[in-house]
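# Examining the three-dimensional arrangement
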Amino acid sequence: MKYMLMVLGKQADYEAMAGKASGDSPAWSAADLKAMFDHMGALNGELAAAGEWVDAQGLAEPSQARLVTAGADGTPNVSDVPYGETSAVIAGYWIVDVADFARAAEIAARAYACPLPEGAPNYPVVVHPVGGAPETGT
């Protein structure tokens, strides 16, 4: 069964990772970034070795995202209103192919345990079945 595991973040978190502290998060150091990348790289490597890794990507900061709707004639209406400034949005994801929800939750817990600087927000990891995966019963 395939699941999408989504990590969340805000614009302020991306700025903190670039070294700019805010009221929401302290500035990250080079060592903080290395610890995060090492943790995520090890997780990706383990998933690939186990044959569970399908895809994973980090997303660009929310300020680069745009909201799109369609006009009556079908033409795109693109809005550059602030997106992800105050609410958490998807910052990255994994698609995994695992035996069941319990295994997907195990992987999500590993992602959640990523080292962060003291005081940095740690958002839950969203686990969502892809396609026709059965309900989890939880």
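Below or above, wherever it landed, is the structure these notes cover.

On to the pattern of salt bridges, then. Counted by the stated rule, this structure contains 4 salt bridges. Across the salt bridge formed by E52 and R103, the nearest N and O atoms sit 2.8 Å from each other. Here the residue E52 occupies a position in the loop between α2 (30-49) and β2 (53-58), and R103 occupies one in helix α3 (residues 101-112), the gap between them amounting to 51 residues. A single salt-bridge network, built from bridges that share partners, covers E52, R103 and E106.

Two strands pair when backbone bridges link them, and strand β3 (residues 67-70) and strand β4 (residues 76-79) are joined in this way by 4 bridges, in the antiparallel orientation. In the strand pairing of β4, L67 is matched with S79.

Its 12 residues place the ends of α3 16 Å apart at the C-alpha level, agreeing with the 16 Å of an ideal helix rising 1.5 Å per residue. Close packing links the buried residues of α3 with β1 (2-9), α2, β5 (89-97) and β6 (126-129). Near the N-terminus of α3, the side chain that reaches the backbone nitrogen of A102, with its oxygen 3.3 Å away, is that of D100.

What follows concerns the environment of P76. Relative to the helices and strands, P76 resides in strand β4. By relative accessible area, P76 is classed as exposed at 58%. The sequence separation of P76 and P124 amounts to 48 residues, and the corresponding C-alpha distance is 33 Å.

Another aspect to go through is the environment of V126. As for its placement among the helices and strands, V126 is situated in strand β6. Taking the C-alpha atoms as reference, V126 lies 17 Å from E52; in sequence the two are 74 residues apart. Residues within four places of V126 in sequence aside, it is in contact with M4, L5, M6 and L8.

This paragraph deals with the sheet that holds β6. The 4 strands are arranged β2-β5-β1-β6 in an open sheet whose pairing can be described as antiparallel. Single-partner strands in this sheet number two, and they are β2 and β6. For this sheet the average axis-to-axis angle between neighbouring strands, irrespective of direction, equals 20°. Here 8 bridges tie β1 to β5, and the two strands are oriented antiparallel to one another.

Another point: α2. Here α2 contains 20 residues, and its C-alpha end-to-end distance of 28 Å stays within 8% of the 28 Å for a straight helix at 1.5 Å per residue. Within α2 the residues assigned to the buried category are M36, H39, M40, L43 and L47. Buried residues of α2, seen end-on, are gathered within an arc of 85° and therefore sit on one face of the element. Seen from the buried face of α2, the exposed residues on the opposite side, beyond 90 degrees, are A30, A31, F37 and A49. Check the buried side of α2 and you find it contacts α1 (11-17), β2, β5 and α3.

Glancing now at the nonpolar core. Residues L5, W94, V96 and I107 are the most contacted members of the largest nonpolar core, which totals 22 residues. Those elements that provide at least two residues to this core are β1, α1, α2, β5 and α3. Residues contacting I107, with those up to four places away along its chain left out, are L5, L43, L47, E52, V96 and V98.

Here we come to the packing of aromatic side chains. Aromatic ring pairs are reported here in terms of the distance separating the ring centres and the angle at which the planes meet. Evaluation of the coordinates by the stated rule reveals 1 aromatic pair. Judged by centre distance (6.1 Å) and plane angle (65°), the ring pair of Y3 and F101 falls under edge-to-face. Remark: F101 occurs in helix α3 and Y3 occurs in strand β1; sequence separation between them is 98 residues. Residue Y3 is classed as buried on the basis of its relative accessible area, which comes to 1%. F101 gets classed as partly exposed once you look at its relative accessible area, which sits at 25%.

Each value, and the rule that gives it
Residues numbered from 1 in each chain as written. Predicted model: local features only at pLDDT ≥ 70, side-chain atom pairs only at ≥ 80, totals over all residues. Heavy atoms only, no water. Salt bridge = Lys/Arg side-chain N within 4 Å of Asp/Glu carboxyl O. Helix = DSSP H or I, 4+ residues; strand = E, 2+ residues; numbered from the N terminus. Pairing = 2+ DSSP bridges. Expected span 1.5 Å × (residues − 1). Contact = heavy atoms within 4.5 Å. Polar contact = N/O pair within 3.5 Å; in protein donor to acceptor, adjacent residues only side chain to side chain. Buried < 20%, exposed > 50% of the residue type's maximum accessible area, 1.4 Å probe, protein only. Axes fitted to C-alpha atoms, helices over the stretch in contact; angles between N-to-C directions. Arc of directions from axis to C-beta. Core = buried A, V, L, I, M, F, W, Y, C linked by side-chain atoms within 4.5 Å. Phe/Tyr/Trp six-rings, centres within 6.5 Å; stacked < 30°, edge-to-face > 60°.

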